[in-house]
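What follows is each chain in one-letter form.
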Amino acid sequence: MTGKTAFEAEYGFARNDVRLETWRLAPFNRWSFQNVGELVPSAHVAAAPGGEEPAKSLGALLGEKISLAGGNETVEAFLKRSDTDGLTILRAGKLIGDWSAPHMPFGARHIIFSISKSVTAILAGILEGEGVFDPNAPVTQYIPEAKGSAYGDASVRNVLDMTVSLDFEEAYLDPESAFARYRRSTLWNPGGGTESLAAFLMIIQRLAEPHGQTYRYRSPNSDVLGILVERASGMRVTDLLAQKLWQPLGAASDMSVTVDMEGTARTAGGMSMTPRDLARIGEMMRQGGTANGRRIVPEAWVRDTVANGGSHEAWQRGTMAFLFPKGRYRNKWYQTGHDSGAFCGIGIHGQWLYVNPKSEVVIAKMSSQPEPVEDKLDEDLVAFFEALGAIV
């Protein structure tokens, strides 16, 4: 029999073409980003009872023109150009609508990559509010074995704000780099299973520059944060998520997070969830830390995270200042510095959670962009989100 399988007919490639070597490459990522658990061991977090409401079309909004650097473009055309898989928009807590690409069924989970960092930081904020987690403590207070690594003289605050002076590069496409070894330790790349994530983290060394001076986007910091919250609470990350965030939030679908050979959660980038539930996180942050009439994270922590905290000077010394020239970075969230007060979480390959307090709009966008990072497209995306906030 030589005909195409149903899978090949739908996606244009065979299921067995999607492997650890290929899952983050186009076109395979159009399927793998929704099915990470078939490739990397993953732990699940149960949703609150009740289920999800049906999909709601964005209707006429899809035909609205948006002005971008390259000219006017309809909302729908831009969603397709930016390889969007799923989108949900809320305004003032009410659902405006959803959009899904043909290859992403409504209600499917999708990996959010580094927005996982922002979610993990919420756990840190909750534990800080409970008095069991000190953001100003040395890392070694919680992880004594960090002594001798880059984290041996760093503070938890340095970890939270990406100001650890870490001798490590995010070389996404270099198979021989320390970053590739890091991904093997997370079981994301072939050849893993001989070194755990925690073991790898504890051998990274530091640069000569003092901690706290420069924003450096380094994913290992956020895996260290996952270990920090586990040590502080005595609970696994997945249990913390279920009990303190996911179910109080009213999340309608289960989420998952990839784990390594020891079951350590990949808190820097391994979480998968639906666009609707990601939008619920954004709405909770917009509401100052409450959802369904219930406080989830302290209001003071949210205000510090999205508006007041973080060093503009450290941000300016980093490599992402072009995207938000007036920005800051605090507790794994980006402050744009825009007049709208917008803040966001961002993940590679086009994952965004964009919150515009002025217009009360929350946008969750999940994508399968071919490249991990595309600076010019990111600039278009920020303009797109700001424009959407004005017209929905």
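Thresholds applied
- Residues numbered from 1 in each chain as written.
- Predicted model: local features only at pLDDT ≥ 70, side-chain atom pairs only at ≥ 80, totals over all residues.
- Heavy atoms only, no water.
- Helix = DSSP H or I, 4+ residues; strand = E, 2+ residues; numbered from the N terminus.
- Rg over C-alpha atoms; globule rule 2.2 N^0.38 Å.
- Contact = heavy atoms within 4.5 Å.
- Areas by Shrake-Rupley, 256 points an atom, 1.4 Å probe, with all protein chains shown as cover.
- 1 Å grid on protein atoms, 1.4 Å probe; cavity = no way out; pocket = protein on both sides within 12 Å on 5 of 7 lines; lining within 4 Å.
- Points joined across faces, edges and corners; volume = space filled by probe spheres on them.
- Nonpolar A, V, L, I, M, F, W, Y, C, P; charged D, E, K, R; others polar.
- UniProt positions renumbered as here; feature names shortened; annotations may be inferred.
- Buried < 20%, exposed > 50% of the residue type's maximum accessible area, 1.4 Å probe, protein only.
- Core = buried A, V, L, I, M, F, W, Y, C linked by side-chain atoms within 4.5 Å.

As recorded in an unreviewed UniProt entry, the chain goes by Serine hydrolase and comes from Mesorhizobium vachelliae.

A. Local environment of the overall build of the chain. Secondary structure summary: the chain contains 14 helices and 15 strands in total. Against the globule reference of 21 Å for 392 residues, the chain gives a C-alpha radius of gyration of 20 Å, in line with a compact fold. With the C-alpha coordinates of the chain rotated into their principal frame, the extents come out at 55 × 55 × 45 Å. Put simply, 65% of the contacts in the chain that link residues at least 6 apart link residues at least 24 apart. Here the chain has roughly 15200 Å² of accessible surface; of this, 49% comes from carbon and sulfur atoms.

B. Expanded view of empty space enclosed by the protein. Inspection of every chain in the model, using the stated rule, returns two cavities of 30 Å³ or more. Taken as a whole, the largest cavity spans an internal volume of roughly 100 Å³. At the level of secondary structure, the elements contributing two or more residues to the lining of the largest cavity comprise strand E4 (84–91), strand E5 (94–100) and helix H11 (275–286). When the residues that make up the lining of the largest cavity are grouped by side-chain class, the tally is seven nonpolar, six polar and three charged. Quantified by volume, the second largest cavity comes out at close to 80 Å³. Around the second largest cavity, the lining comprises 14 residues; the ones closest to its centre are Ser114, Arg183, Ser219, Arg266 and Ile348. Within the lining of the second largest cavity, the residues separate by chemical class into seven nonpolar, three polar and four charged.

C. Seen up close, the UniProt feature "domain: Beta-lactamase-related" (unreviewed entry) in the chain. As recorded in UniProt, the feature "domain: Beta-lactamase-related" (unreviewed entry) lies at residues 86–383. Regarding residues 86–383, the helix share stands at 34% and the strand share at 17%, and the terminal C-alpha atoms are separated by 19 Å.

D. Structural context of the environment of proline 175. Looking at where proline 175 falls in the secondary structure, it is placed in the loop between helix H6 (156–160) and helix H7 (178–185). Relative accessible area serves as the criterion here: at 57%, proline 175 is assigned to the exposed category. The spacing of proline 175 and threonine 84 is 91 residues in sequence and 27 Å in space, taken between C-alpha atoms. Residues in contact with proline 175, not counting those within four places in the same chain, are Ala180 and Arg184.

E. Up close: the nonpolar core. Phe133 and Leu228 are the most contacted members of the largest nonpolar core, which totals 76 residues. Ile66, Leu68, Val75 and Ala101 belong to the second-largest nonpolar core, a separate cluster that totals 36 residues.

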